[in-house]
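So you can see what is in the structure, the chains are spelled out below.
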Amino acid sequence: MNDLFANLYELITGQTDLANELYNSEAVYVPVGWCMVLLSLIGMIVYYYLINHPRFNRWYHWLLMVLVVCLINFGIAYFRANDAIDSMYAEQNQDSPFSAMEFISFSMANALWTFVFSFAFSIGIKWKSRNASRTPF
Amino acid sequence: MSKLYVFGIGGTGARVLKSLTLLMAAGVKINADEVAPIIIDPDLAAADLTRTIKLMQDYVKVRNSIDVDNASKNGFFNTKINMDIVPSGRIPVQNTKDVKFKDYIGLSWMVDEKGNENANHALVSMLFSEKNLESTMEVGFKGNPNIGSVVLNQFSFSDEYKAFESSVKQGDRVFVVSSIFGGTGASGFPLLVKELRKSKNKGENDLVRNVPIGAVTVLPYFDVKYKEDSEIDSTTFISKAKAALSYYDTNLTEVNSLYYIADSITKHYENSEGGDTQRNEAHFVELAAALAIVDFASQPDSSFQTVDGNVKNTTYKEFGIERESKSILFNDLCQITNQTIKKPMTQFLLFCKYLNEQISNSYRYQPWAKNHKFDDNFIKGQYFQSDLTGVKNAYLEWLSEMSSNSRAFSPYDLNAKKDVFALIKGESPAKVMSLKSNYDLFNDTLNDMQAKIKDNDSKVLHSFLELFYQATDKLVKSKFRL
């Protein structure tokens, strides 16, 4: 799983130093990746089957929902990666050498994959929704 | 195929036919395969007549665009209106335009060889006042049945009447709608019945002569304001009605079912002798008169026995309401009336309100529209914009006019904006297990029902009506327990 998620993220971020550290820590890619997949699925289930509302079936309502899930996954990736790297370097009594922008880059990759997975889940599950079966298209 | 011919005579006849057409649009069931409306009115320009004919034409266009097979679950526009027999919808009354009554009967020719007035002239002078003789007839007979009974005698010679006679088949029935207190209806009704019963066009088995005839005669339910130069004087309505009733009692025995309707509360209309200013607001009495047609159609054939144009026994009926009220609600009506009209009228009102207030916000986005080609082409097309919208506007106008008339029929709160389901006065809509309300609940129901609708590429309007019929059926059952 670590390899699978690493390949996904590094497809966007490239093999940076931070990516190597995140891969080696084995405590970031798998939990963040699973969170990304599950939250995307849950977000779409909530949109299509719990909200399932005729007033909220425009494409921008769907986009808003996806962006909220993206934002959540962005935060999860940022703080989880920060914590893991900080802890790793703290054990060696060193400060983390990575800048906030590098963490943001990883978090953006997670948000981007959230969008892709949300879209894919939408295609798969929208057809049985009563009020949003034609959303986003 | 059984037909129910409905003759609407005069302004009241036209208005009752309008009520009948709107009830049929709503889905009130008529126990006949088709209804063939025929209006007899010399007043070509009467607004009530032109409104009714336009409505019937719109109805026919909508009806022609829907499937009528048994598998269809659409109840709107349930009964066919047949305007093929009399395409114009009316039997013309010839030689009444710009002609005075005295010229119509040839008064100036009623002289002897020396040029002196003869006995015929004297008889005419006895039967008709000077005002009668000088009267023009292009806007009707202005409350003078004595003129109408002479002039209307000609309708049986018209091509339209002959087309009617030759189209009558076994199982068909005839219903005549007229008022008793005016000119055209009061004179046309007995003339028409006599014409039917003495029909020489016997066809097979004396079909026309022995056709079951029902009739509703509307007693005074409105009057008109006094106007010095008008020939219509509503103070004579009651005396005319009494005289006509007395005549019917002794001379009109050829009707199988005779319905009476009257109202003690009368509305004061502007005094119009006819033409495009004769535009009376819709009245509950006209709806009740239309229900007489529904009742007549529902009677078994065995209840009508006519041999050689002679009726064995005539049944007489009156319309009543459960509770006296100046503004009638559904709760004031009898159970049988509510059973007939409450559900279909409420369903169709929900449909019309949706078309008026919601569809433009919904059809581009909701699955019920996107899955069934209810797109711009359909919504902006002829069937929707002209025909269906014509019926919808007429229905809302009809309800609005009845609710502001006297006596009022106002069972609906037509302006309820907060909740479309809070529309039946005196009844709170039931709570349903849903977080959605108002038009969101409506759209939710449409989106739920749309999966069961089969598309018909050539008749998109049919799918549209079927979807809305089923959705409103579900909504009125859940919200109003109908």
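The following paragraphs examine the structure supplied in this document. (Residues numbered from 1 in each chain as written. Chains lettered and ligands numbered in written order. Predicted model: local features only at pLDDT ≥ 70, side-chain atom pairs only at ≥ 80, totals over all residues. Heavy atoms only, no water.)

A count of helices and strands for chain A gives five helices and zero strands. Secondary structure elements of chain A occur, N-terminal to C-terminal, as α-α-α-α-α. Taking the principal axes of the C-alpha coordinates as reference, chain A spans close to 55 × 25 × 20 Å. Residues classed as buried in chain A amount to 44% of the 137 residues present. Excluding contacts between residues fewer than 6 apart, the proportion of contacts in chain A whose partners are at least 24 apart in sequence is 72%. Placing the 7 positive and 10 negative side-chain charges of chain A at their respective mean positions leaves the two points 38 Å apart. (Helix = DSSP H or I, 4+ residues; strand = E, 2+ residues; numbered from the N terminus. Buried < 20%, exposed > 50% of the residue type's maximum accessible area, 1.4 Å probe, protein only. Contact = heavy atoms within 4.5 Å. Lys, Arg positive; Asp, Glu negative; His and termini not counted. Charge placed at Lys NZ, Arg CZ, Asp CG, Glu CD.)

Secondary structure assignment for chain B yields 17 helices and 14 strands. For 482 residues, the compact-globule estimate of 2.2 N^0.38 gives 23 Å, and the C-alpha radius of gyration of chain B, at 24 Å, lies within 12% of that figure. Over its C-alpha atoms, taken along the principal directions, chain B stretches across nearly 90 × 50 × 40 Å. Counting contacts in chain B only where the partners sit at least 6 residues apart, residues at least 24 apart contribute 79% of the total. With the model as given, the accessible surface of chain B reaches about 20300 Å², and the carbon-plus-sulfur share is 49%. Side chains of chain B carry 57 positive and 60 negative charges; the gap between the two charge centres is 6 Å. (Rg over C-alpha atoms; globule rule 2.2 N^0.38 Å. Areas by Shrake-Rupley, 256 points an atom, 1.4 Å probe, with all protein chains shown as cover.)

A few words on the nonpolar core. Counting 149 residues, the largest nonpolar core has F77, W368 and F464 of chain B as the members making the most contacts within it. Sorting elements by how many residues they give to this core places helix α10 (residues 284–298) of chain B first, with twelve residues. One finds Y47, Y78, F98 and A132 of chain A within the second-largest nonpolar core, a separate group that totals 34 residues. (Core = buried A, V, L, I, M, F, W, Y, C linked by side-chain atoms within 4.5 Å.)

Turning our eyes to something else, we now look at helix α4 (residues 59–91) of chain A. Counted at 1.5 Å a residue, the expected span for α4 of chain A with its 33 residues is 48 Å, and the 48 Å between its end C-alpha atoms agrees. Once α4 of chain A finishes, N93 of chain A follows within two positions and takes phi at roughly 55°, a positive value. (Expected span 1.5 Å × (residues − 1).)

Residues and elements named next belong to chain B. Taken N-terminus to C-terminus, the directions of helix α16 (residues 438–449) and helix α17 (residues 460–480) make an angle of 125°; their axes are 9 Å apart at the nearest point. Relative to α17, the element α16 is oriented oblique. The two elements α16 and α17 cross, and the hand of that crossing is right-handed. Here α16 contributes L441, F442, T445, L446, D448 and M449 to the contact with α17, which in turn contributes L467, F468, Q470, A471, T472, K474, L475 and K479. Looking at the contact of α16 with α17 residue by residue, the classes come out as eight nonpolar, three polar and three charged. (Axes fitted to C-alpha atoms, helices over the stretch in contact; angles between N-to-C directions. Parallel < 35°, antiparallel > 145°, perpendicular 65-115°, else oblique. Left-handed = near helix turned anticlockwise from the far one by under 90°. Nonpolar A, V, L, I, M, F, W, Y, C, P; charged D, E, K, R; others polar.)

Going through the model one piece at a time under the given rule, you end up with 55 aromatic pairs over all chains. When the ring of W368 of chain B is compared with that of F464 of chain B, the centres are 6.3 Å apart and the planes differ by 50°; the resulting orientation is tilted. Of this pair, W368 of chain B sits in helix α13 (residues 367–370) while F464 of chain B sits in helix α17, and the two are 96 residues apart along the sequence. The class for W368 of chain B is buried, based on a relative accessible area of 0%. We classify F464 of chain B as buried; its relative accessible area is 0%. Above the plane of the ring of W127 of chain A lies K126 of chain A, whose end atom (NZ or CZ) is 4.4 Å from the centre. Sitting over the ring of F296 of chain B, R173 of chain B keeps its end group 5.7 Å from the ring centre. (Phe/Tyr/Trp six-rings, centres within 6.5 Å; stacked < 30°, edge-to-face > 60°. Lys NZ or Arg CZ within 6 Å of the ring centre and 35° of its normal.)

Residues and elements named next belong to chain A. A contiguous nonpolar surface patch, about 490 Å² in accessible area, is contributed by M1, L4, W34, L38 and I42. In terms of residues, the nonpolar patch owes the most to one element, helix α3 (residues 29–51), which gives three residues. Positionally, L4 belongs in helix α1 (residues 2–13). (Patch = residues over 30% accessible without salt bridge, like charges linked within 9 Å, V, L, I, M, F, W, Y side chains within 5 Å. Salt bridge = Lys/Arg side-chain N within 4 Å of Asp/Glu carboxyl O.)

All names here are of chain B. The buried fraction of strand β5 (residues 173–179) amounts to seven of the seven residues, a majority that puts the element mostly inside the structure. Burial along β5 is two-sided: R173, F175, V177 and S179 facing one way and V174, V176 and S178 facing the other are all buried. Across five bridges, the pairing between strand β1 (residues 3–9) and β5 is parallel. Bridge pairing links V6 to F175 in β5. Sheet topology note: the β5/strand β6 (residues 213–218) ladder contains six bridges and is parallel. The residue bridging V174 from the neighbouring strand is I213, located in β6. (Pairing = 2+ DSSP bridges.)

Between chain B and chain A, the residue contacts involve eleven residues of the former and eleven residues of the latter. Approximately 1100 Å² of surface area, both sides summed, lies buried where chain B meets chain A, with 40% of it carried by carbon and sulfur atoms. The interface formed by chain B and chain A includes three salt bridges. As a salt-bridge pair, D444 of chain B and R130 of chain A come within 2.7 Å of each other at their nearest N and O atoms. There are ten residue pairs in polar contact (both at pLDDT 80 or more) connecting chain B and chain A. (Buried area = accessible area lost by both parts, 1.4 Å probe. Polar contact = N/O pair within 3.5 Å; in protein donor to acceptor, adjacent residues only side chain to side chain.)

Now for unusual backbone geometry. Across the junction of T135 of chain A and P136 of chain A, the peptide omega takes the value 5°, indicating a cis bond. Following S406 of chain B, the chain continues into R407 of chain B via a peptide bond in cis, with omega recorded as 5°. In this structure, N93 of chain A is a non-glycine residue whose phi angle is positive, near 55°. By the element assignment, N93 of chain A lies in the loop between α4 and α5 (100–125). Given the relative accessible area of 75%, N93 of chain A is considered exposed. The phi dihedral of R481 of chain B is positive, around 55°, even though this residue is not glycine. Here R481 of chain B shows up in the segment after α17.

Tracing the sequence through the fold places N443 of chain B in helix α16. N443 of chain B gets classed as buried once you look at its relative accessible area, which sits at 2%. Apart from residues no more than four positions distant in its own chain, N443 of chain B is found in contact with P54 and N131 of chain A together with Y354, Q358, S362, Q366 and W368 of chain B.

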